[in-house]
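Next come the chains, spelled out residue by residue.
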Amino acid sequence: MMEIVKKTFHHFKENGVLLTFMKTWDYVSFKIKSKKIKGLKTISVNANDIRVTANPTQIHINFKDISLTNNVGLSSRLKNLDKYHDSIQSKFSFQKLNNNKILVKQYWWNLPLTQLWEISLKSNTMIWEVFLNLENSISIEEFQSGIILNHTCINNQISVKNREFSLPKTTNIKNIVKFPLNEKEVSFKIRDNSSEIGKLKFSIIDSINVSQIIIQNTTRFSNGYFVQAALLNEKIYNAGCHKIFKIVLEFNV
């Protein structure tokens, strides 16, 4: 406590009343937010061998009790006025609608929109619908929604329309694979240690604009492949609710 008082007086002496107040307010806000996050409960839904778990800032997928995701798990980002806004920067809200459906809301203080994710499970399928609720018209230069797959559980041999090839190593984030616009699905082999236990298919079922699949390597810290549905053409979207993507993950044993 004395240390905090000393720091406050130091800021007051060096920077004046206004900056001291701002620093103090930032600290108090951080503490309040931290307590709220710690108080939030983890929620999950299950269907057959799939489990989706949501905590205050992350959504993860398990298949046969194997964690398929790394880092934040599911993620979205949009580009507006040459600046990227990642879903991890937003304030999250979670709601379990029923035994197999989760609603995720994300709010930004600096954007006139709310992002909604509806995640539902059925048999060996996960359906992920991404919505934007816009308060007014906004120009979006890029929009991506995707999943960070754990490379230790996903074989780097992938298949597209029965054609197989290898993904680059996962330690160089500059490695990006962009698929043609007419190819809307890609499949991965799921493994447990060295044994293959199933297959995961990532598909873009619907999108508000011309879309494509992008696979990007992550950092060594995230240690995975970022598989994304992407809109790469700038467009002005009017106020209202828009369904941006319908993404389906199919787990075949």
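Counting restarts for each chain, with residues numbered from 1 along the sequence as it is written. pLDDT decides what is reported in this predicted model: residues at 70 or higher carry local features, side-chain atom pairs at 80 or more are listed and counted, and totals for whole chains, interfaces and linings draw on all residues regardless. Excluded from the side-chain calculations are hydrogens and water; all other atoms, namely the structure's heavy atoms, are used.

**Concerning unusual backbone geometry**
Of note, the phi angle at N71 is positive, near 55°, even though the residue is not glycine. With respect to the helices, strands and loops of the structure, N71 is situated in strand β5 (residues 69-80). Accessible area is worked out with a 1.4 Å probe on protein chains only. A residue is then buried under 20% of its type maximum, exposed over 50%, and partly exposed in between. Using a relative accessible area of 31% as the deciding quantity, one classes N71 as partly exposed. Phi angles above zero are rare outside glycine, and L81 is one such case at about 55°. By the element assignment, L81 lies in the loop between β5 and β6 (83-86). Secondary structure elements are taken from DSSP: a helix is a run of H or I of four residues or more, a strand is a run of E of two residues or more, and numbering for both begins at the N terminus.

**Overview of the confidence of the model for the chain**
pLDDT: the predictor's confidence for each residue, scored from 0 to 100. Residues with a pLDDT of 70 or more make up 81% of the chain, whose mean pLDDT is 83. When mean pLDDT is taken per element in the chain, strand β10 (residues 125-134) scores highest with 97 and helix α1 (residues 2-39) scores lowest with 48. With pLDDT under 50 throughout, residues 1-7 is counted as low confidence; its partners more than four residues away or in other chains account for one contact. Whether two residues are in contact is decided by their heavy atoms: any pair within 4.5 Å suffices.

**Some details on the nonpolar core**
Buried residues of nine kinds, namely Ala, Val, Leu, Ile, Met, Phe, Trp, Tyr and Cys, make up a nonpolar core once their side-chain atoms join them within 4.5 Å. If you look at the biggest cluster of nonpolar residues, it comprises 58 residues, and the most contacted ones within it are I61, V186, F202 and I215. Every residue in contact with F202, bar those within four places of it in the chain, is listed here: S145, I147, K184, E185, V186, I213, V227, Q228, A229, I247, V248 and L249.

**Things to note about empty space enclosed by the protein**
Note on definitions: the grid is 1 Å and covers protein atoms alone; a cavity is a set of points where a 1.4 Å probe fits but cannot get out; a pocket is an open set with protein on both sides within 12 Å along at least five of seven lines; lining residues have an atom within 4 Å of a point. Grid points are joined across faces, edges and corners, and a volume is the space filled by probe spheres set on the points. This model, assessed by the stated rule, comprises one cavity of 30 Å³ or more. As a volume, the largest cavity reaches approximately 40 Å³. Looking at the lining of the largest cavity, the elements that each hand over two or more residues are β13 (154-160) and β16 (185-192). Amino acid classes used here: Ala, Val, Leu, Ile, Met, Phe, Trp, Tyr, Cys and Pro are nonpolar; Asp, Glu, Lys and Arg are charged; the rest, including Gly, are polar. A breakdown of the residues in the lining of the largest cavity according to their chemical character gives two nonpolar, three polar and three charged.

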